[in-house]
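Descriptive structure summary
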Amino acid sequence: MEKKFSIGQMAKVGNCTVQTIRYYEQIGLLPEPSRSKRNQRIYSQTHRERLIFIRHSRELGFTLDQIRQILLISDDPNHSCEEVDHIARTHLDEVESKIERLKDMRKELKRMISECSCNQVSDCRIIEILSDHSLCQNEH
């Protein structure tokens, strides 16, 4: 007999809130579970595995739309993996771009902080630079 899970157990497995699970159901990422006689949700092992997939994908920064696309493709085991590869590569490009922007932000923040004399606010280089974007040396 297949193991069944309550919504609370699913939340623990997925390291998320009950509201998150309900939201995933509402937007169609998780199929509706069966219900007990008292109208409580009863989840299957398939639900559990899908939730783990969704949560791991979210931890890697995939959007809900990207996850939806991947799930639709993965529901057909004979489907080509090319589309999934494209989604992952596109996401990787976005992550690498964000990393570069974050590096630029770090560099600019370090510069601002190093130029601050820590005397009076009227002389604060950080406030001056934050007030006038043209004083920034990097795009961020």
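Residues numbered from 1 in each chain as written. Predicted model: local features only at pLDDT ≥ 70, side-chain atom pairs only at ≥ 80, totals over all residues. Heavy atoms only, no water.

A full pass over the atoms with the stated rule returns 8 salt bridges. Where Asp85 meets Arg89, a salt bridge forms, and the shortest distance between an N and an O atom there is 2.6 Å. Taken together, the residues Asp85 and Arg89, both in helix α5 (residues 82-115) and 4 residues apart, mark about one turn of the helix. On the basis of relative accessible area, Asp85 is assigned to the partly exposed category, the value being 34%. Within the structure, one salt-bridge network assembled from shared partners comprises Glu108, Arg111 and Glu115. (Salt bridge = Lys/Arg side-chain N within 4 Å of Asp/Glu carboxyl O. Helix = DSSP H or I, 4+ residues; strand = E, 2+ residues; numbered from the N terminus. Buried < 20%, exposed > 50% of the residue type's maximum accessible area, 1.4 Å probe, protein only.)

This part covers helix α4 (residues 64-74). Along an α-helix, a turn takes 3.6 residues, which lines up residues three or four apart on a common side. Listed as buried for α4 are Leu64, Gln66, Ile67, Ile70, Leu71 and Ile73. Buried positions along α4 lie against α2 (18-26), α3 (45-59) and α5. (Contact = heavy atoms within 4.5 Å.)

Of note in the backbone geometry, Asn15 takes a positive phi value of approximately 50 degrees without being a glycine. The topology assignment puts Asn15 in the loop between α1 (7-14) and α2.

On to the side chain of Gln66. Of note, Gln66 is situated in helix α4. The class of Gln66 is buried, set by a relative accessible area of 9%. Polar side-chain contacts of Gln66 include one of 2.8 Å to the backbone nitrogen of Thr63. Once you skip the residues sitting within four places of it in the chain, Gln66 turns out to touch Gly61, Ile87, His91 and Glu94. (Polar contact = N/O pair within 3.5 Å; in protein donor to acceptor, adjacent residues only side chain to side chain.)

Tracing the chain through its elements places Ile99 in helix α5. Look at Ile99 and you get partly exposed, because its relative accessible area is 39%. When the C-alpha positions of Ile99 and Thr17 are compared, they lie 29 Å apart, and in sequence the two are 82 residues distant.

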